[in-house]
Amino acid sequence: MNWFLLIAGDNHYPEACTGDWIACFPTFDDAKAQVTDVVHKRTITKGKRKGEEEVTHTSHSINGREYDWFDIVDLREWVGGKR
């Protein structure tokens, strides 16, 4: 049974109904393997750190699409209480 639901979205709050659902996977690691972190950087243009790169934020790529956030839900906890 695929108990680990991968969800992801672009907004701070999840979409209604199943709008953020990506897919279900048999293990947490299988779901996590679908996600690649994308680090966004900028080059500092002024001050004593001029020319250095700094990380501005991290997004997450799933199936070739970037998302602001993701989560993996263990559906066994959702349907039957904590395990």
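Attention in this report is confined to the structure presented alongside it. (Residues numbered from 1 in each chain as written. Predicted model: local features only at pLDDT ≥ 70, side-chain atom pairs only at ≥ 80, totals over all residues. Heavy atoms only, no water.)

**Observations regarding the sheet that holds strand β2 (residues 21–25)**
Inference 1: With respect to topology, 3 strands assemble into an open sheet ordered β2-β1-β6, the strand pairing being antiparallel. Of all strands in the sheet, those bounded by a partner on one side alone are β2 and β6 (69–74). Between one strand axis and the next, the sheet turns by 20° as a mean value, whatever way the strands run.
Inference 2: Relative to β6, strand β1 (residues 4–9) is paired through 6 bridges, and the arrangement is antiparallel. When the bridges of β6 are listed, Gly9 appears paired with Trp69. (Pairing = 2+ DSSP bridges. Helix = DSSP H or I, 4+ residues; strand = E, 2+ residues; numbered from the N terminus. Axes fitted to C-alpha atoms, helices over the stretch in contact; angles between N-to-C directions.)

**Here's the deal with the nonpolar core**
Inference 1: Phe4, Leu6, Ala8, Phe25, Ala31, Val35, Ile62, Tyr67 and Ile72 form the largest nonpolar core, which has 9 residues in total.
Inference 2: Of the residues forming this core, the biggest block, 3 residues, is contributed by β1.
Inference 3: Residues in contact with Ala31, not counting those within four places in the same chain, are Phe4, Leu6, Phe25 and Ile72. (Core = buried A, V, L, I, M, F, W, Y, C linked by side-chain atoms within 4.5 Å. Buried < 20%, exposed > 50% of the residue type's maximum accessible area, 1.4 Å probe, protein only. Contact = heavy atoms within 4.5 Å.)

**Some remarks on the packing of aromatic side chains**
Inference 1: Evaluated as defined, the whole model comprises 1 aromatic pair.
Inference 2: When the centroid spacing of 6.5 Å and the interplanar angle of 85° are considered together, the rings of Phe4 and Phe28 count as edge-to-face. Of this pair, Phe4 sits in strand β1 while Phe28 is found in helix α1 (residues 28–32), placing the two residues 24 residues apart along the sequence.
Inference 3: For Phe4, a relative accessible area of 11% translates into the label buried.
Inference 4: With relative accessibility at 43%, the residue Phe28 sits in the partly exposed group. (Phe/Tyr/Trp six-rings, centres within 6.5 Å; stacked < 30°, edge-to-face > 60°.)

In short, geometric facts, not functional conclusions.
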